[in-house]
Amino acid sequence: MTIAKKIEESIKRSSWIRKMFEEGARLKAQHGADKVFDFSLGNPNLPPPETFRRVLKEVAEDERAGVHAYMPNTGLAETRRAVAAFLAKEQGAALSADDVVMTCGAAGALNVILKAVLDPGDEVITPAPFFVEYGFYADNHGGVLKTVPTHEDFTLDLAAIEAAVTEKTKVVLINSPNNPTGQVYSAESLAALGKILTEKGKAFGRTIYLVSDEPYRKIVFDGIEVPSIFSAYPESILVTSYSKDISIPGERLGFIAVSPEAGYKAELLGALALANRILGFVNAPALMQRVVARIQGETVDVSAYARKRDLLCDGLAECGYDFVRPPGAFYLFPRSPTADDVAFVQTLQEELILVVPGSGFGGPGHFRISYCVEDDVIQGAMP
Ligand SMILES: Cc1ncc(COP(=O)(O)O)c(C=O)c1O
């Protein structure tokens, strides 16, 4: 073999989502796309907001010298200022442009952070079920992903996290609103987590970072708000992107925001800038940075996702499915009616319904329905 053994192994174990994608393509070719109900991918189906399209056109017309040039590794000053000004209000924290690093999506941001803080063998703790790429991201930078269970309703099991923290723990990585469960962690649970990490950090004599991955922060329903991690814990780092909230995942833009109270903030920001450079991202896409600088706070029509959630939840409740009604994101994670979620997902496939087994997210006995699809797909699948 000419490729690395580890990569060969990873391809073999290749994620369930990818398998479903391939199976979906096969079934669509065989039966016709309109006959297949594809709930496998988290690719937003809502169009970007109208203002995004308008500003994109204006920005594309900009012919000033240097608009397509290299820039500081942390991003354009004007964009970081705009992001910081928006975040300061949203998070109720004294953030400045210096605390923000523009990245190639949330995925790029997470890799930059882990590159910047992990030493070989350091542990990254994450509550399960979890976004499956986290395992690869930790491993990319010599880290080890350690999962801890959540409660039945997918809220944080603080005792489990506390028990899992060791002298090797460098990062606790949370994701709220969560993929695959849609759960949002409460301010109380984040404050309690902050306390645990402060105590553990003191006991082990090292900084444990709380990294909060929040690409679905703005996709929440029923008046729910996602609490800020900054008020919960000083050593916290926020990660997000524009992939889901303005439906531009292909454009690869996101950012990191470091708590203004972080103990080694200057060193950390320097490490993030270097990691962005040497991972080969160099800087986040210039054109998109110029666009988002002017449309902070814009979102897709979140009420459309709320409607899809309701259609799905009401329909499945009537069929007797057992699930937690998700307050955010665009995923539902019902309990599989049979213990073997992989077998159940295969049964659904025979009905031309594509979902992903919970086992693929460290949540066996469940399956994930991604409902960023046309209403017709939800309604058509229900019978
Ligand atoms: C929890 C979570 N984190 C990160 C990402 C990566 O997002 P981005 O497109 O911003 O890199 C995703 C994408 O689905 C996600 O679900």
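Residues numbered from 1 in each chain as written. Predicted model: local features only at pLDDT ≥ 70, side-chain atom pairs only at ≥ 80, totals over all residues. Heavy atoms only, no water.

### Examining the overall build of the chain
Item 1. Broken down by element type, the chain carries 13 helices and 12 strands.
Item 2. Relative to the globule expectation of 21 Å for 383 residues, the C-alpha radius of gyration of the chain, 21 Å, shows essentially globular dimensions.
Item 3. For the chain, the spread of C-alpha atoms along the principal axes amounts to about 55 × 55 × 55 Å.
Item 4. Here the chain holds 383 residues, and 55% of them are scored as buried.
Item 5. Considering only contacts within the chain whose residues lie at least 6 apart along the sequence, 75% involve residues at least 24 apart.
Item 6. When the accessible surface of the chain is split by element, carbon and sulfur atoms take 54% of a total near 16,600 Å².
Item 7. Between the mean site of the 38 positive side-chain charges and the mean site of the 49 negative ones, the chain shows a separation of 5 Å. (Helix = DSSP H or I, 4+ residues; strand = E, 2+ residues; numbered from the N terminus. Rg over C-alpha atoms; globule rule 2.2 N^0.38 Å. Buried < 20%, exposed > 50% of the residue type's maximum accessible area, 1.4 Å probe, protein only. Contact = heavy atoms within 4.5 Å. Areas by Shrake-Rupley, 256 points an atom, 1.4 Å probe, with all protein chains shown as cover. Lys, Arg positive; Asp, Glu negative; His and termini not counted. Charge placed at Lys NZ, Arg CZ, Asp CG, Glu CD.)

### Overview of the nonpolar core
Item 1. Counting 41 residues, the largest nonpolar core has Leu87, Met102, Ile174, Leu197, Leu210, Tyr242 and Phe255 as the members making the most contacts within it.
Item 2. Core analysis: the second largest hydrophobic core is formed by 37 residues, Met20, Leu316, Phe323 and Phe330 among them. (Core = buried A, V, L, I, M, F, W, Y, C linked by side-chain atoms within 4.5 Å.)

### What about the packing of helix 5 (residues 105-117) against helix 6 (residues 133-140)?
When two helices pack together, their arrangement is captured by the angle between the axes and the distance separating the axes.
Item 1. Interaxial distance between helix 5 and helix 6 falls to 9 Å at its minimum, and their mutual angle equals 35 degrees. Relative to helix 6, helix 5 is oriented so that their crossing is right-handed. Within the contact between the two elements, helix 5 uses Ala107, Leu110, Asn111 and Leu114 and helix 6 uses Tyr134, Tyr137, Ala138 and Asn140.
Item 2. Across the contact of helix 5 with helix 6, the residue classes tally to six nonpolar, two polar and no charged. (Axes fitted to C-alpha atoms, helices over the stretch in contact; angles between N-to-C directions. Left-handed = near helix turned anticlockwise from the far one by under 90°. Nonpolar A, V, L, I, M, F, W, Y, C, P; charged D, E, K, R; others polar.)

### Here's the deal with the pairing of strand 12 (residues 367-370)
Strand residues, when the strand is regular, have side chains that alternate between the two faces of the sheet.
Item 1. Here strand 12 shows no split at all, with Phe367 and Ile369 on one side and Arg368 and Ser370 on the other all buried.
Item 2. Here strand 9 (residues 331-332) runs beside strand 12; their pairing, made up of two bridges, is antiparallel. Looking at the pairing, Tyr331 lines up with Ser370 of strand 12.
Item 3. Summarising the sheet, strand 11 (residues 356-357) and strand 12 pair through two bridges and their orientation is antiparallel. Paired with Val356 across the strands is Arg368, a residue of strand 12. (Pairing = 2+ DSSP bridges.)

### Concerning the site of the ligand
Item 1. Lining the immediate environment of the ligand, one finds 14 residues, of which Asp213, Tyr216, Ser241, Ser243 and Arg252 sit closest.
Item 2. Within the contact set of the ligand, an oxygen atom lies 2.7 Å away from a side-chain nitrogen or oxygen of Tyr216.
Item 3. With respect to the ligand, the side chain of Lys244 contributes an N or O atom lying 2.9 Å from an oxygen atom.
Item 4. Contact with the protein chains hides 92% of the accessible area of the ligand, taken as 390 Å² for the molecule alone.
Item 5. By residue number, the principal contributor to the shell around the ligand is helix 5, which donates three residues.
Item 6. Per-class residue counts for the shell around the ligand are six nonpolar, five polar and three charged. (Near = heavy atom within 4 Å. Polar contact = N/O pair within 3.5 Å; in protein donor to acceptor, adjacent residues only side chain to side chain.)

### Things to note about helix 3 (residues 50-60)
Item 1. Turning to helix 3, its buried residues are Phe52, Val55 and Val59. Taken down its axis, helix 3 places every buried residue within 75 degrees of arc, on the same side. Along helix 3, exposed side chains directed more than 90 degrees from the buried face belong to Glu50, Lys57 and Ala60.
Item 2. As for helix 3, its buried residues are in contact with helix 10 (286-293). (Arc of directions from axis to C-beta.)

### Comments concerning the pattern of salt bridges
Item 1. In this structure the tally under the stated criterion is 22 salt bridges.
Item 2. For Glu58, the salt bridge identified is with Arg54, shortest N-O distance 3.6 Å. Remark: Arg54 and Glu58 occur in helix 3; sequence separation between them is four residues, near one turn of the helix.
Item 3. Asp62 is paired through a salt bridge with Arg64; the nearest N and O atoms lie 2.6 Å apart.
Item 4. Residues joined in a network through salt bridges with shared partners are Glu90, Glu214, Arg217, Lys218 and Asp245. (Salt bridge = Lys/Arg side-chain N within 4 Å of Asp/Glu carboxyl O.)

### Overview of the sheet that holds strand 11
Item 1. Pairing is antiparallel in the open sheet, where three strands are placed in the order 9-12-11. Looking at strand neighbours, the two that pair on one side only are strand 9 and strand 11, the edges of this open sheet.

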